[in-house]
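Here are the chains, one letter per residue:
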Amino acid sequence: MNGKELIARRIARELKDGFYVNLGIGLPTTVAAFVPPGIEVVLQSENGLLGIGPPPAQDEEDPDLINAGKQPVTLLPGSSFFSSDQSFAMIRGGHMNMSILGAMQVSCRGDLANWTIPGKMVKGMGGAMDLVASAPHVVVATEHNTKDGGFKIVEACSLPLTGKGVVHDIVTELGWFHVSAAGLVMTEIAEGVTKEAVAQRTGCPVHFAAGLRPMLPF
Amino acid sequence: MDKVINSPDAAVADLRDGMTVMLGGFGLCGIPENLIAALIRKGLKGLHTISNNMGVDGFGMGLMLEAGMIASHIGSYVGENRLLEKLVIAGQLDLTLVPQGTLAERIRAGGAGIPAFYVPAGVGTVVAESKEVREFDGKAYLMERGLRADVALVKAWKADRHGNLVYRMTARNFNPAMATAADLTIAEVEEIVEPGQLNPDEIVTPGIYVDRVVAGPEYKKPVEGRFIKEHAQP
């Protein structure tokens, strides 16, 4: 199992029956494949859909039915449609149980940067700022380091912020990190990962929880 | 009462250079593609557009950008448009990025007679620059303004001649809010039916918001990812 799958599988275990969850584009979207059997979780797509079904076969794609990543999706029994303003009213109103997003940088104080690189990239924040400002539980799903081995988890983000002090938990292939008032606390550690490796690959101090547990994918 | 206009070109005939225009859609889903084509044929210039995205290179609002029609744009995500990125970095296009939910609510408020309101999105970020920050119950919020336009171009599934609109699946997105927030609202639809044929319980946009209805003669409705792949510039 690769690191990304471990992250997705571990986060999926946090989902409870009856949860309404928004999954960000990329790695967070893959969490949907690992929802534990026997529970019903309703996935929200901020372009106006509750109850995202699996991807369709190519000949069954409907251009009027897409997710926020603009990929064709399907419906499930109980799905509903609504407008963008209503979609964000339910997000802003705190009705989502969890929002799972990716990160370019995330700080030990829960600041998140995931939308722009000044002078290099013009994309836009989409719904990310709304989601992190209002979701009761914001989980960042990200690979622990950048592609060239640099820090993604840092003391202070150098990139423009998506939200300040908004992230509650960070899940990487190394383990589970909780953002606390005292800083970053590692509560679970992946198999074969040492505390030294975690400290070395993280750009801010990491406290290890007294009850540090192994992070299992299932 | 008959709001039906017989062609997209006739529906936009009195639009002028420099207008502020809202365009519905999310990505290429639920965009008024026939009205966009009519605007391009008309060759308007200096438009101030408000839309969640900017189409892609080669389709949707991307075609308006390529035709040099757009002076400024307000949106939340423009990542699928390389020409736009180039123009913004070169300082040739005035782009304002707004959090998507704030954009949707600004438009809703604009249509509902609400000049300003407070949201938490963007507190502590560049979005907060030069905006009033106010604390309510211990949490910080930004003041955001309602947003209106001269013209809204929306896309619905079906309309009757009173302008009542129903939408299809996720092609609804920004269209219902935009329909309420402009001095002139033009709805392009796939099918026009007689009053009474739409179930009143299912009408999303009541006709009071809609000034003109036009049936789009043709719908391409590309799936965005595949369109980008097939039209990628080497």
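Read on for an overview of the structure. Sequence order sets the numbering: in each chain, residues are counted from 1 along the sequence as written. Chains carry letters and ligands carry numbers; both start at the beginning, A for chains and 1 for ligands, and go up in the order they are written. Under the rules for a predicted model, residues below a pLDDT of 70 receive no local features and side-chain atom pairs below 80 are neither given nor counted, while totals for whole chains, interfaces and linings still include all residues. No hydrogens and no water enter the side-chain calculation; it runs on all heavy atoms of the structure.

## So, the side chain of A:Asp169
Residue and element names in this part refer to chain A. Among the secondary structure elements, Asp 169 is positioned in strand β10 (residues 169-171). Each residue is placed in one exposure class: buried if its accessible area under a 1.4 Å probe, protein chains only, is under 20% of its type's maximum, exposed if it is over 50%, and partly exposed if it falls in between. Positive charge is attributed to Lys and Arg, negative charge to Asp and Glu, and no charge count is given to His or to the chain ends. Only one rule defines a salt bridge in this text: a Lys or Arg side-chain nitrogen within 4 Å of an Asp or Glu carboxyl oxygen. As a buried residue without a salt bridge, Asp 169 has its nearest oppositely charged side chain in Arg 10, at a separation of 8.4 Å. As used in this structure description, the phrase polar contact means that two N or O atoms lie within 3.5 Å; if the pair is within protein, one of them must be able to donate a hydrogen and the other to accept it, and residues adjacent in sequence are counted only when both atoms belong to side chains. Within the structure, Asp 169 has its side chain in polar contact with the side chain of His 178 (distance 2.9 Å). In what follows, a contact means two residues having at least one pair of non-hydrogen atoms within 4.5 Å. Those residues in contact with Asp 169, other than ones at most four positions away along the chain, are His 137, Val 138, Val 139, Val 140, Trp 176, Phe 177 and His 178. Counting from the N terminus, the helices are DSSP H or I runs at least four residues long and the strands are E runs at least two residues long.

## Concerning the nonpolar core
In this text, buried Ala, Val, Leu, Ile, Met, Phe, Trp, Tyr and Cys residues form a nonpolar core when linked through side-chain atoms within 4.5 Å. Grouped together as the largest cluster of nonpolar side chains are 50 residues, with contacts concentrated most on A:Val21, A:Ile100, A:Val167, A:Ile170 and A:Leu184. Once residues within four sequence positions are removed from consideration, A:Val21 is found in contact with A:Leu15, A:Val41, A:Val42, A:Leu43, A:Gln44, A:Met96, A:Met98 and A:Ile100. Among the nonpolar cores identified, the runner-up in size contains 38 residues, and B:Leu35, B:Leu65, B:Ala128 and B:Leu142 belong to it.

## Some points on helix α2 (residues 33-42) of chain B
The set of residues buried in α2(B) consists of B:Glu33, B:Asn34, B:Leu35, B:Ile36, B:Ala38 and B:Leu39. The inward-facing, buried residues of α2(B) abut α1 (8-11), β1 (20-23), α3 (61-66), β8 (149-155), β11 (182-189) and β13 (212-215) of chain B.

## Some details on the environment of A:Ile91
All names here are of chain A. Among the structural elements, Ile 91 can be located in helix α2 (residues 84-92). The exposure class of Ile 91 is buried, given its relative accessible area of 1%. It is 6.7 Å that separates the C-alpha atoms of Ile 91 and Ala 135, two residues lying 44 residues apart in sequence. Once residues lying within four places of it in the same chain are set aside, the contact partners of Ile 91 are Gln 44, Glu 46, Met 96, Asp 130, Leu 131 and Ser 134.

## Topic: the interface of chain A and chain B
Opposite the 41 residues of chain A that make contact, chain B presents 46 residues. Throughout, the accessible surface (probe 1.4 Å) given up by two parts as they are put together, summed over both, is called the buried area. Buried area between chain A and chain B, both sides added, is near 3500 Å², and the carbon and sulfur share of it is 62%. Interface area lost by chain A to chain B is led by A:Asp64, A:Lys70 and A:Val122, which between them contribute 22%. In this structure, the connection of chain A to chain B is made through four salt bridges. A salt bridge links A:Asp64 to B:Lys221; the nearest nitrogen and oxygen atoms lie 2.8 Å apart. In this structure, the connection of chain A to chain B is made through 19 residue pairs in polar contact (both at pLDDT 80 or more).

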